[in-house]
Amino acid sequence: SVAVWELCTTPSLLLMFVGYGLLVGTLYSFETLMDTLLPALSTSQLSAVGTVALLAGLPGALFGGWILDYSHNYKGTNVVMCGAAAVIMAVIAVLSDPTASVSYFWPLVLLCVLLGFLLCALLSAGFEWGVELSYPCTESTVAGTLNVFANLGGIVMIYGLEALVPALNCVVGNLFQAGALLLGAVLFAAIPNELKRQQAREVSIAEVAQGESGAF
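All values reported here derive from a predicted model rather than from experimental measurement. (Residues numbered from 1 in each chain as written. Predicted model: local features only at pLDDT ≥ 70, side-chain atom pairs only at ≥ 80, totals over all residues. Heavy atoms only, no water.)

A. The arrangement of the packing of aromatic side chains in detail. This model, assessed by the stated rule, comprises 6 aromatic pairs. Between Phe17 and Phe149, the aromatic rings sit 5.3 Å apart at their centres with planes inclined by 25 degrees, giving stacked as the arrangement. Here Phe17, found in helix H2 (residues 11-32), pairs with Phe149, found in helix H7 (residues 139-167); they are 132 residues apart in sequence, far enough to count as distant. Since its relative accessible area comes to 19%, Phe149 is described here as buried. Relative to Trp106, the ring of Phe105 has its centre 4.9 Å away and its plane inclined at 65 degrees; by these criteria the two rings are edge-to-face. Phe105 sits in the buried class, given a relative accessible area of 11%. Linked through ring pairs, Phe63, Trp66, Tyr70 and Phe117 together constitute an aromatic cluster. (Phe/Tyr/Trp six-rings, centres within 6.5 Å; stacked < 30°, edge-to-face > 60°. Helix = DSSP H or I, 4+ residues; strand = E, 2+ residues; numbered from the N terminus. Buried < 20%, exposed > 50% of the residue type's maximum accessible area, 1.4 Å probe, protein only.)

In C-alpha cells:
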C-alpha cells in the first residue's frame with residue numbers, strides 16, 4: 001500500500017526496520033540453531049539453556065515497555081540494549097568453542113539468560129520506538145512492516161548461519177550474530193531522535209488546557 005511504501009522509503013524508518021530485522025533475526029536464528037551454535041552442549045543441556053533463555057524473555061518483554069515509560073529515552077534505550085546484547089553474544093562466541101578443555105555450561109546459561117532478556121526487551125522497545133518514529137501512521141501498519149523485516153532478518157540469519165558454520169565453525173557463526181547485533185546498534189544510533197507521537201500528544205494537551213482556560 002501507499003502507507004507501507006512511504007514507511008519503507010523514509011530513511012530514518014528504513015534504518016529502524018533494518019536494525020529491528022537484524023536483532024529479531026538474531027533471536028530467531030539463535031533459538032532455531034542452538035544445537036549448531038553450541039555444539040559442546042549435550043541435548044539435555046541445550047534444552048535447559050533454551051528453556052531458561054525463553055523464560056528470561058518473559059520479564060524482558062515487560063521490561064522493554066517499562067523502561068521506555070520510565071525514561072522516555074527511546075533511542076538511547078534501544079541503542080544501549082542492542083549494544084549490550086552484541087557484547088554478550090560475542091562472549092558466548094568465545095565460550096562456544098567445542099575444542100575447549102573446560103566446560104562453560106553454567107557461564108553459557110547465565111549469558112543466554114541475559115541475551116534472551118535483552119532481545120525480548122528489544123522486541124517491545126523496538127516496536128514502541130517504531131510507532132513513535134512513524135506517527136501518524138497506524139500502529140497496525142507499523143507492526144506489520146516490522147514483522148516483515150523481522151521475518152526477512154530471520155530467514156537471512158538462519159540460512160546464512162547454516163552455510164557459514166559448516167564451512168568455518170560455530171565460533172565464527174556466533175561472532176556473525178554479534179556483528180549483526182552491533183550493526184543494529186549502529187543503525188539505531190544513526191536514527192534522528194524524533195518522538196513524533198509524544199510531540200503530538202503534548203501539543204494536544206496544550207490545546208486542551210488552553211481551551212479550558214479560555215472558557216473561564
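So that's the structure; there's more coming.
B. Layout of unusual backbone geometry. With a phi angle near 60 degrees, His72 is a residue other than glycine that sits in the positive phi range. For His72, the position within the fold is in the loop between helix H4 (43-71) and helix H5 (74-95).

C. Local environment of the nonpolar core. Among the nonpolar cores identified, the biggest contains 57 residues, and Met16, Phe30, Leu38, Ile92, Leu115 and Leu181 are the most heavily contacted of them. Mapped onto this core, the elements with two or more residues apiece are H2, helix H3 (34-37), H4, H5, helix H6 (105-134), H7 and helix H8 (170-189). Among the elements that line this core, the one with the most residues is H6, at 14 residues. For Phe30, the residues in contact, after removing those within four places along its chain, are Leu37, Leu38, Met89, Cys112, Leu115, Asn174 and Gln177. (Core = buried A, V, L, I, M, F, W, Y, C linked by side-chain atoms within 4.5 Å. Contact = heavy atoms within 4.5 Å.)

D. Region of interest: H7. The terminal C-alpha atoms of H7, which comprises 29 residues, lie 42 Å apart, in line with the 42 Å expected from a rise of 1.5 Å per residue. Listed as buried for H7 are Val142, Thr145, Leu146, Phe149, Ala150, Gly153, Gly154, Met157, Ile158, Leu161 and Val165. (Expected span 1.5 Å × (residues − 1).)

E. Examining a nonpolar patch on the surface more closely. Where nonpolar side chains cluster on the molecular surface, the patch consists of Val148, Leu152, Ile155 and Tyr159 and spans about 420 Å² of accessible area. Along the chain, the position of Ile155 falls in helix H7. For Ile155, a relative accessible area of 47% puts it in the partly exposed group. (Patch = residues over 30% accessible without salt bridge, like charges linked within 9 Å, V, L, I, M, F, W, Y side chains within 5 Å. Areas by Shrake-Rupley, 256 points an atom, 1.4 Å probe, with all protein chains shown as cover. Salt bridge = Lys/Arg side-chain N within 4 Å of Asp/Glu carboxyl O.)

F. Highlighting the side chain of Ser134. Note on placement: Ser134 falls in helix H6. Ser134 gets classed as buried once you look at its relative accessible area, which sits at 5%. Every residue in contact with Ser134, bar those within four places of it in the chain, is listed here: Leu7, Leu13 and Val142.

G. The arrangement of the packing of H2 against H6 in detail. It is the contact of H2 with H6, at a shortest axis distance of 10 Å, that shows an interaxial angle of 155 degrees. Classified by the angle between their axes, H2 and H6 sit roughly antiparallel to one another. With respect to the hand of their crossing, H2 and H6 are arranged in left-handed fashion. Contact residues: Leu13, Met16, Tyr20, Leu23, Val24, Leu27 and Phe30 in H2; Cys112, Leu115, Leu119, Leu122, Leu123, Gly126, Phe127, Trp129, Gly130, Leu133 and Ser134 in H6. When its residues are assigned to classes, the contact of H2 with H6 shows 15 nonpolar, 3 polar and no charged. (Axes fitted to C-alpha atoms, helices over the stretch in contact; angles between N-to-C directions. Parallel < 35°, antiparallel > 145°, perpendicular 65-115°, else oblique. Left-handed = near helix turned anticlockwise from the far one by under 90°. Nonpolar A, V, L, I, M, F, W, Y, C, P; charged D, E, K, R; others polar.)

H. Broad picture of the side chain of Thr26. Structurally, Thr26 can be placed in helix H2. Given a relative accessible area of 0%, Thr26 falls into the buried group.

I. Broad picture of the environment of Thr138. Checked against the element boundaries, Thr138 lands in the loop between H6 and H7. For Thr138, a relative accessible area of 44% corresponds to the partly exposed category. For the pair Thr138 and Ala3, spaced 135 residues apart in sequence, the C-alpha to C-alpha distance is 9.0 Å. Among the polar contacts made by the side chain of Thr138, one reaches the side chain of Thr141 at a distance of 2.8 Å. (Polar contact = N/O pair within 3.5 Å; in protein donor to acceptor, adjacent residues only side chain to side chain.)

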